[in-house]
Amino acid sequence: MTQLLKPLLIAGLLFAGSAAAYADDAPAAPAAHKGWHMDPAKHEEMRAKHLQALHDKLKIQPQQEAAWQTFAASMKPEKMEKPAMDDKATAPEKMESMMQRQQARMQQRLDALKAFYAQLTPEQQKTMDNLHGPRGKWQHHKKPEGAAPANG
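All values reported here derive from a predicted model rather than from experimental measurement. (Residues numbered from 1 in each chain as written. Predicted model: local features only at pLDDT ≥ 70, side-chain atom pairs only at ≥ 80, totals over all residues. Heavy atoms only, no water.)

In terms of regular secondary structure, the protein is built from five helices and zero strands. Helices (α) and strands (β) of the protein occur, in sequence order from the N terminus, as α-α-α-α-α. For the protein, buried positions account for 14% of its 152 residues. When contacts within the protein are restricted to residue pairs at least 6 apart in sequence, those whose partners lie at least 24 apart make up 63%. (Helix = DSSP H or I, 4+ residues; strand = E, 2+ residues; numbered from the N terminus. Buried < 20%, exposed > 50% of the residue type's maximum accessible area, 1.4 Å probe, protein only. Contact = heavy atoms within 4.5 Å.)

So, in structure tokens, the structure goes:
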């Protein structure tokens, strides 16, 4: 029973989140408390810093710059627009449509990553491989060994 409950709960949460994202009458978050929503300008600034740090860490050479630019452009988040939906579409059909759009975007990013990765030297590839740590966490923000804990 619990094996079925978890996927159903995740699917329900995904659907509820996507429904809220596409709701025309959803109230805007108050300016004082935005929760998980970050100012788009600040988000773009953080993204640019992250990409510049990656560029510097990989020591991108001039002959690799075109592949880097294509890769960096593919990582830019796209604004999710409200898709044209058949009013008679069922909830599962709507979720499937959303999933297919997300998969298409991820495939484009994967293709760009593979093309970029192929342009890297073996040393750069190793650096890129080591940036992704356990459970998909980026490792370039690690504390130096022996550093004091954040809460201690």
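Here the narrative resumes.
Of the residues making up helix α3 (residues 65-74), those classed as buried are Ala67, Trp68, Phe71, Ala72 and Ser74. Taken end-on, α3 shows its buried residues confined to a sector of 160°, consistent with a single buried face. Opposite the buried face of α3, by more than 90 degrees, sit the exposed residues Ala66, Thr70 and Ala73. The inward-facing, buried residues of α3 contact α2 (40-58), α4 (91-119) and α5 (122-131). (Arc of directions from axis to C-beta.)

Attention now goes to the packing of α2 against α5. α5 packs onto α2 with a crossing angle of 140° between their chain directions and a minimal axis gap of 9 Å. As far as their axial angle goes, α5 and α2 are oblique. Touching Leu54, Lys57 and Leu58 of α2 are Gln124, Thr127, Met128 and Leu131, all from α5. The residue inventory of the contact of α2 with α5, partitioned by class, reads four nonpolar, two polar and one charged. (Axes fitted to C-alpha atoms, helices over the stretch in contact; angles between N-to-C directions. Parallel < 35°, antiparallel > 145°, perpendicular 65-115°, else oblique. Nonpolar A, V, L, I, M, F, W, Y, C, P; charged D, E, K, R; others polar.)

Now for α4. Look at α4: 43 Å from first C-alpha to last across 29 residues, which is about the 42 Å you get at 1.5 Å a residue. Listed in full, the buried residues belonging to α4 are Met98, Ala112 and Phe116. (Expected span 1.5 Å × (residues − 1).)

As a further point, take a negative patch on the surface. A surface patch of like charges, here negative, comprises Asp86, Asp87, Glu93 and Glu96. Note that Asp87 resides in the loop between α3 and α4. (Patch = residues over 30% accessible without salt bridge, like charges linked within 9 Å, V, L, I, M, F, W, Y side chains within 5 Å. Areas by Shrake-Rupley, 256 points an atom, 1.4 Å probe, with all protein chains shown as cover. Salt bridge = Lys/Arg side-chain N within 4 Å of Asp/Glu carboxyl O. Lys, Arg positive; Asp, Glu negative; His and termini not counted. Charge placed at Lys NZ, Arg CZ, Asp CG, Glu CD.)

Moving on, we get to the side chain of Gln124. When you line up the elements, Gln124 lands in helix α5. Judged by relative accessible area, Gln124 falls into the buried class, the value being 6%. Only 3.2 Å separates the side chain of Gln124 from the backbone oxygen of Lys59, close enough to count as a polar contact. With sequence-adjacent residues up to four places away left out, Gln124 is seen in contact with Leu58, Lys59, Ile60, Gln61 and Gln64. (Polar contact = N/O pair within 3.5 Å; in protein donor to acceptor, adjacent residues only side chain to side chain.)

Turning our attention to unusual backbone geometry. Look at Lys59: it is not a glycine, yet its phi comes out positive at around 55°. Looking at Lys59, the relative accessible area reads 56%, which means it is exposed.

On to the nonpolar core, then. Ranked by size, the top nonpolar core spans 12 residues in total: Leu51, Leu54, Leu58, Ile60, Ala67, Trp68, Phe71, Ala72, Phe116, Leu120, Met128 and Leu131. Those elements that place two or more of their residues in this core are α2, α3 and α5. The element contributing the most residues to this core is α3, with four residues. (Core = buried A, V, L, I, M, F, W, Y, C linked by side-chain atoms within 4.5 Å.)

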